[in-house]
Amino acid sequence: MTCDVARNRLLALPDPTRPTDDLLPHLGGCAACRAVQAEAVRLDALLKRLPVPSSEARKAAFLNALDAAGPVIRTRPVVPSSLTGSGAFKPVVSWLKRIDWKYAGGGVAACLVLGIGIWFLAPKPKGTEPEQAARPKSERLARMVKRTTDLATTAHAPHQRVGVFAEWTADLKGEACDVYKVADREDMNALASQYEKVVSEGVVSQARQIEAGTLTPGERSRVFTDAMKQLADAETDASRLAGEAPPNARDALAKIARTAQDGRRTLAKLAEGKQ
Amino acid sequence: MPPDLDPPPPDLTGFGDESEWIAAAQAGDRSAFARVVNAYWDRLYRWLYHLTRDRHRAEDLTQETFMKALAAMKSFRAGSNFRAWLFRIGHNNFVNLKRAERKNTQPANDEPPAADTAAGPMTTAADREALEKVAKAIQELPTDFRMALMLKAEEGMNYREIAAVLKTTEETARWRVFKARQKLAKVLSPDLYPDADDEGERPA
C-alpha cells in the first residue's frame, strides 16, 4: 500500500480514530501516515468545536409559541411501557385522534408554505436592541404557530378554514400597517405577495370548496360575511395608508388593497352562488 | 470499501426511548413534540448555520423545518430514522432558500465566523489558530461537501444516513466527506500534503 492510498483511505474512514485492518500494517511502519491520521482526528475534533452563535432565544420563543398555540391537550394515564419499565404515567393525547389528518394535512401543508414564507420575508428589525427585536418577532411567531395549529387541529372543513385564513389576512394586513413607515420596499412587497397568496390560495380557494347543503343559510352567510368584512377592512386601511406612505411602501399597500377588493368581490359572488 | 463503523444515533431527548416521544408527538402530544424540538433544535440549527453562514437565515430555516415536521409528523414512518427525516426536511428548506435567492439575485450575506465562545481558558493559541483556519476554510468548501462533512463531523451520521438526508448514494456521500476532509486537511497541515494531487485517488 502506498502512502497516497493509505492517506486517502484514512480520510474516507467513518472515524479516523478507528483505522481498518488493512491500514494497520502501513500505519505501523509509516510515521508520516500516522501524522496524517492524527491530523484527521484533530480535524474532526476541530469541526465539532466550530463556533456558532447562540439560538437559545429563538428556540425559547418557538417552544413558547408551541406551548401557547391551539387547544389544550387532554392527557390520560396509561399503563407504563414494558419496554422501558418506567413506572411513571405518560401523557397520551386524545385531541388529535378525532382529526382526519389526511384531510387536514393538505391544508396544513399549504398553510405552511404560506406561513413560513411570511416569517421568512416579513420585516425583521435590523440593528435594534435585542429586547425590541424579540417582542414583535415572537408575537408574529406565536400568531403563525397558532394559525398552523388551528388548521391542523380545529379547522377540518372548508368553511372553518375560510375563517382561519381570513384571520391570517388580518394579521398580515396589521403587520403591513404596523411597519410600512420603516420597512424597506423588498419587505413590504414580500408582505403584499404573501397577503395575495393567503387571500387567493387560502380564503377564496377554501370558500370555493364549501359544498352546497353543508351549512344552513345562516351559517353560510356568517362565514362569507365575516371573511368579507376582514377583506373590506384591509381594503379601507391599506388604501388610506397607501396615500400617505413613503414611496417604498406605497405599491405594496396598494397591492394589498387591490387584493382585498378582488377577494371580497369574489366572495360576494360565491356567496350569491354566482361562481 | 471500509465498513461504516458509526454507532446508531443516541437517545436524543434525554427522556427515555426517543421512539416513544416521537410516537406521542405523532399522536398529537404537543409537549412530546416540544421535547423533540428541544432535543434537536441546536443540532439542526448548527448544521444549517454552517450551510447558510447567517444566523437569522439558519434560525428561520430551523423553525421552518420544525413547523413542517409538526405538520407532517403523521407521515413519518415509525421505526425509521427520525433524525435523517428531520434533517432531510431541513435540507429541502435550505435548497428552496438558495433557489429563491438565486431567483431574486439576493444571496445570503456571509457572516464572518462567529466568535469562539466555547473556547475555554485551556484552549491553546495553536488550537485557536487551527480553529480559525478550519472555520475559514470550511466556508470555501462547495456546499455539497460542507453539508456532508458537517453531518458526519457534528452529527456523527453514517454514510447511509448522510445519503438519505442529501438524497444521494452512499458512495457519493462518502466521496463528499472524503474530499471535504482532504481539502481541510491540506489547509490545516500543508506540510503533510506537499505533493498531493488535488483529486487524489478515489477511496475504495
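Note that the coordinates shown come from a computational prediction; the quantities given were computed from them, not determined experimentally.

## Remarks on the overall build of chain A
Step number 1: Of the regular secondary structure elements, chain A holds 10 helices and 2 strands.
Step number 2: Counting helices and strands in the order they occur from the N terminus, chain A gives α-α-α-α-β-β-α-α-α-α-α-α.
Step number 3: For chain A, the share of sequence-separated contacts (at least 6 apart) that also reach a separation of at least 24 residues comes to 67%.
Step number 4: In the structure as shown, chain A presents an accessible area of about 13,300 Å², 54% of it carried by carbon and sulfur atoms.

## Examining the overall build of chain B
Step number 1: Tallying secondary structure elements over chain B gives 8 helices and 0 strands in all.
Step number 2: Looking at chain B as shown, the accessible area adds up to about 9,000 Å², and 54% of this sits on carbon and sulfur atoms.

## Let's talk about the packing of aromatic side chains
Step number 1: Taken as a whole and assessed by the stated rule, the structure comprises 12 aromatic pairs over all chains.
Step number 2: Centre to centre, the rings of Phe76(B) and Phe82(B) are 5.3 Å apart; their planes meet at 85°, and the pair counts as edge-to-face. Of the two residues examined, Phe76(B) and Phe82(B), each falls in the buried class.
Step number 3: Ring pairing ties together the aromatic residues Phe62(A), Phe33(B), Trp41(B) and Phe66(B), which thus form one cluster.
Step number 4: Positioned over the ring face of Tyr159(B) is Lys152(B), at 4.6 Å from the centre of the ring.

## Details of the nonpolar core
Step number 1: Core analysis: the largest hydrophobic core is formed by 109 residues, its most contacted members being Leu47(A), Met188(A) and Trp47(B).
Step number 2: Considering every element that reaches this core, the biggest residue donor is helix α2 (residues 30–52) of chain B, with 14 residues.
Step number 3: For Leu47(A), the contacting residues outside a window of four places in its chain are Val134(B), Ile138(B), Leu149(B), Met150(B), Ala153(B), Glu154(B) and Leu184(B).

## Points about unusual backbone geometry
Residue and element names in this part refer to chain B.
Step number 1: Of note, the phi angle at Arg53 is positive, near 60°, even though the residue is not glycine.
Step number 2: In this fold, Arg53 is placed in the loop between α2 and α3 (55–72).
Step number 3: One non-glycine residue with positive phi stands out, namely Lys167, at about 50°.
Step number 4: Following the sequence through the fold, Lys167 ends up in the loop between α7 (159–166) and α8 (170–188).

## Things to note about helix α6 (residues 143–153) of chain B
Step number 1: Buried residues dominate α6(B), accounting for 9 of its 11 residues.
Step number 2: Among all positions in α6(B), only Phe145(B), Arg146(B), Met147(B), Ala148(B), Leu149(B), Met150(B), Leu151(B), Lys152(B) and Ala153(B) are buried.
Step number 3: Tucked into the core, α6(B) has its buried residues touching α3 (31–48) of chain A together with α2, α4 (82–103), α5 (125–140), α7 and α8 of chain B.

## Concerning the confidence of the model for chain A
Step number 1: With 70% of its residues at a pLDDT of at least 70, chain A reaches an overall mean of 74.
Step number 2: Looking over chain A, one finds the lowest element-wise mean pLDDT in strand β2 (residues 92–93) of chain A, namely 28, and the highest in helix α10 (residues 247–271) of chain A, namely 93.

## Side note on the environment of Ala32(B)
Residue and element names in this part refer to chain B.
Step number 1: Positionally, Ala32 belongs in helix α2.
Step number 2: Separated by 11 residues in sequence, Ala32 and Trp21 place their C-alpha atoms 5.4 Å apart.
Step number 3: Setting aside chain neighbours within four positions, we find Ala32 in contact with Trp21, Ala24 and Ala25.

## Concerning the pattern of salt bridges
Step number 1: Scanning all chains against the criterion turns up 23 salt bridges over all chains.
Step number 2: With a closest N to O distance of 3.2 Å, Glu39(A) and Arg42(A) form a salt bridge. One end of the pair is Glu39(A) and the other is Arg42(A), both in helix α3 and 3 residues apart, which spans about a single turn.
Step number 3: In this structure, the salt-bridge partner of Lys68(B) is Glu64(B), at a minimum N-O distance of 3.3 Å. With Lys68(B) and Glu64(B) both in helix α3 and 4 residues apart, the pair spans about one turn of that helix.
Step number 4: Counted as one network, the salt bridges with shared partners bring together Arg58(A), Arg55(B), Glu59(B) and Asp60(B).

## Examining the state of the cysteines
Residues and elements named next belong to chain A.
Step number 1: Applying the stated rule across the entire model yields 0 disulfides over all chains.
Step number 2: Here Cys3 stays unpaired: no disulfide links it, and the sulfur of Cys30, its closest cysteine neighbor, is 3.7 Å away.
Step number 3: By relative accessible area, Cys3 is classed as partly exposed at 30%.
Step number 4: Free of any disulfide, Cys33 has its nearest cysteine sulfur in Cys30, 3.6 Å distant.
Step number 5: Given a relative accessible area of 0%, Cys33 falls into the buried group.

## A few points about the packing of helix α8 (residues 185–208) of chain A against helix α9 (residues 217–244) of chain A
Residue and element names in this part refer to chain A.
Step number 1: Viewed as axis vectors pointing N to C, α8 and α9 meet at an angle of 160°, and their least axial separation amounts to 12 Å. Of the possible angle classes, the one that applies to α8 and α9 is roughly antiparallel. Pair α8 / α9 crosses with left-handed handedness. When α8 is examined against α9, the residues Tyr195, Val199, Val203 and Ala207 are found in contact with a partner set consisting of Phe224, Ala227, Leu231 and Ala234.
Step number 2: Residues belonging to the contact of α8 with α9 are distributed by class as follows: 8 nonpolar, no polar and no charged.

## Comments concerning the confidence of the model for chain B
All names here are of chain B.
Step number 1: Within chain B, residue pLDDT values average 80, and 76% of them lie at 70 or more.
Step number 2: Considering only residues more than four positions removed or in separate chains, one finds that residues 1–8, a stretch of pLDDT under 50, has 21 contacts.
Step number 3: Counting interchain partners and residues more than four positions distant, the pLDDT-below-50 stretch residues 10–15 has 12 contacts.

## What to know about the environment of Asp226(A)
Step number 1: Looking at the element boundaries, Asp226(A) is found in helix α9.
Step number 2: For the pair Asp226(A) and Val162(A), spaced 64 residues apart in sequence, the C-alpha separation works out to 9.4 Å.

## Looking at the side chain of Asn93(B)
Residues and elements named next belong to chain B.
Step number 1: Tracing the backbone through its elements, the reader meets Asn93 in helix α4.
Step number 2: Within the local environment of Asn93, its side chain forms a polar contact with the side chain of Thr65, the two groups lying 3.0 Å apart.
Step number 3: Setting aside residues up to four positions removed in sequence, Asn93 forms contacts with Leu61, Glu64, Thr65 and Lys68.

Definitions and limits used
Residues numbered from 1 in each chain as written. Chains lettered and ligands numbered in written order. Predicted model: local features only at pLDDT ≥ 70, side-chain atom pairs only at ≥ 80, totals over all residues. Heavy atoms only, no water. Helix = DSSP H or I, 4+ residues; strand = E, 2+ residues; numbered from the N terminus. Contact = heavy atoms within 4.5 Å. Areas by Shrake-Rupley, 256 points an atom, 1.4 Å probe, with all protein chains shown as cover. Phe/Tyr/Trp six-rings, centres within 6.5 Å; stacked < 30°, edge-to-face > 60°. Buried < 20%, exposed > 50% of the residue type's maximum accessible area, 1.4 Å probe, protein only. Lys NZ or Arg CZ within 6 Å of the ring centre and 35° of its normal. Core = buried A, V, L, I, M, F, W, Y, C linked by side-chain atoms within 4.5 Å. pLDDT = per-residue confidence, 0-100. Salt bridge = Lys/Arg side-chain N within 4 Å of Asp/Glu carboxyl O. Disulfide = S-S within 2.5 Å. Axes fitted to C-alpha atoms, helices over the stretch in contact; angles between N-to-C directions. Parallel < 35°, antiparallel > 145°, perpendicular 65-115°, else oblique. Left-handed = near helix turned anticlockwise from the far one by under 90°. Nonpolar A, V, L, I, M, F, W, Y, C, P; charged D, E, K, R; others polar. Polar contact = N/O pair within 3.5 Å; in protein donor to acceptor, adjacent residues only side chain to side chain.

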